[in-house]
Amino acid sequence: ALNGATGDLIWEYKHPLPAKILQDGGNLSSRNMAIYGDTVLLASSDAHLIALDAKTGKVVWDNTTADWQKGWRHSSGPFVANGTIVQGMMGCGNAQPGGCFITGHDPKTGKELWRFNTIAQGNDPGADTWNGLPVQSRFGATPWISGSYDVETNTVFYGVGQPYPWIAEMSGLLPKREGQKNNALYTDSTLALDPNTGKLKWHRQHLENDTWDLDYVYERMLFDFNIDGKIGRAHV
């Protein structure tokens, strides 16, 4: 934190990473942070979600969201939607079965309030779109960039990455089995979630069964538009 008038350093926080993560290298980026009330919110490469006192830099709370030793990582930071911290998890390209997930957290404690799996499973809409593969053989669907939030509809939007491995014959999505669907939801999709419950409002898949690593994870930008004098809300 810097003095806004002089640029002088007020405080500095450094999150210590495990030696193995530093030795292995790979994706150690952190694309964004958030400010909520008097706290600065950040996510680390070893799967911690952390709140700092904005005035002092002291740790308010530090929660582990997943086991980094299994390959889980945060490459983007959190944002706050209607009083809930929302954070996406990456690392499911490291052969983690069942795909990645998005979580909602209490800003006072960091406690996890809900979890949404980015690979459809169980009774989820689209659970039958993985060419008959069991959940433990479904990989990918990484939300590795932060989502966006529409205040008017109280909706969180997230982009989701491709299936892994992204060559469909290797992932088991091709050849298509008789009587099965193989578009692999919710990969390469836009998700619309309720930030208070994590429930899926709707989804839109942009590319079925991505075997080209095209990856539709990128930011969803909200804007208003005017058609014949009527104002509407859209995202791209």
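Residues numbered from 1 in each chain as written. Predicted model: local features only at pLDDT ≥ 70, side-chain atom pairs only at ≥ 80, totals over all residues. Heavy atoms only, no water.

Here the focus is the overall build of the chain. Counting its regular elements, the chain contains 2 helices and 16 strands. The C-alpha radius of gyration of the chain comes to 19 Å, within 12% of the 18 Å expected for a compact globule of 236 residues. Looking at the chain as a whole, 47% of its 236 residues qualify as buried. Across the chain, the centroid of the 20 positively charged side chains sits 4 Å from that of the 25 negatively charged ones. (Helix = DSSP H or I, 4+ residues; strand = E, 2+ residues; numbered from the N terminus. Rg over C-alpha atoms; globule rule 2.2 N^0.38 Å. Buried < 20%, exposed > 50% of the residue type's maximum accessible area, 1.4 Å probe, protein only. Lys, Arg positive; Asp, Glu negative; His and termini not counted. Charge placed at Lys NZ, Arg CZ, Asp CG, Glu CD.)

Moving on, we get to the confidence of the model for the chain. Here the chain averages 92 in pLDDT, and 97% of its residues register 70 or above. Strand β3 (residues 48-53) holds the highest mean pLDDT among the elements of the chain, 98, whereas strand β16 (residues 230-235) holds the lowest, 76. (pLDDT = per-residue confidence, 0-100.)

Under the counting rule described, the total for this entry stands at 6 aromatic pairs. With a centroid separation of 5.6 Å and an interplanar angle of 35°, the aromatic rings of Phe116 and Tyr186 are classed as tilted. You can see Phe116 sitting in strand β8 (residues 112-117) and its partner Tyr186 sitting in the loop between α2 (168-171) and β13 (189-193), a full 70 residues away along the chain. There is no split in this pair, since Phe116 and Tyr186 are both buried. Consider the rings of Phe157 and Trp202, whose centres lie 5.9 Å apart with planes at 50°: the pair is tilted. Taken as a pair, Phe157 in strand β11 (residues 155-159) and Trp202 in strand β14 (residues 200-205) lie far apart in primary sequence, 45 residues in all. By relative accessible area, Phe157 is classed as buried at 6%. Above the ring of Phe101, the side-chain terminus of Arg115 is found at 3.9 Å from the ring centroid. (Phe/Tyr/Trp six-rings, centres within 6.5 Å; stacked < 30°, edge-to-face > 60°. Lys NZ or Arg CZ within 6 Å of the ring centre and 35° of its normal.)

Let us look at the pairing of β3. Both faces of the sheet carry side chains from a regular strand, because those side chains alternate between them. The element β3 is largely enclosed, with a buried count of 5 among its 6 residues. Count of turn residues in the strand β2 (residues 39-43)/β3 antiparallel hairpin: 4 residues, of which Ala47 carries a positive phi of about 65°. Between the end of β3 and the start of strand β4 (residues 59-64), which pair antiparallel, lie 5 residues, with Gly57 showing a positive phi angle near 80°. (Pairing = 2+ DSSP bridges.)

With antiparallel pairing, 4 strands are arranged side by side in an open sheet as β10-β11-β13-β14. The two strands at the open ends of the sheet, each matched to only one other strand, are β10 (148-150) and β14. Pairwise comparison of adjacent strand axes, ignoring direction, gives a mean angle of 20° for this sheet. (Axes fitted to C-alpha atoms, helices over the stretch in contact; angles between N-to-C directions.)

Attention now moves to the environment of Phe116. We classify Phe116 as buried; its relative accessible area is 8%. Taking the C-alpha atoms as reference, Phe116 lies 5.2 Å from Ile102; in sequence the two are 14 residues apart. The residues contacting Phe116, other than those within four sequence positions of it, are Cys100, Phe101, Ile102, Tyr186, Leu191, Leu193, Gly198 and Leu200. (Contact = heavy atoms within 4.5 Å.)

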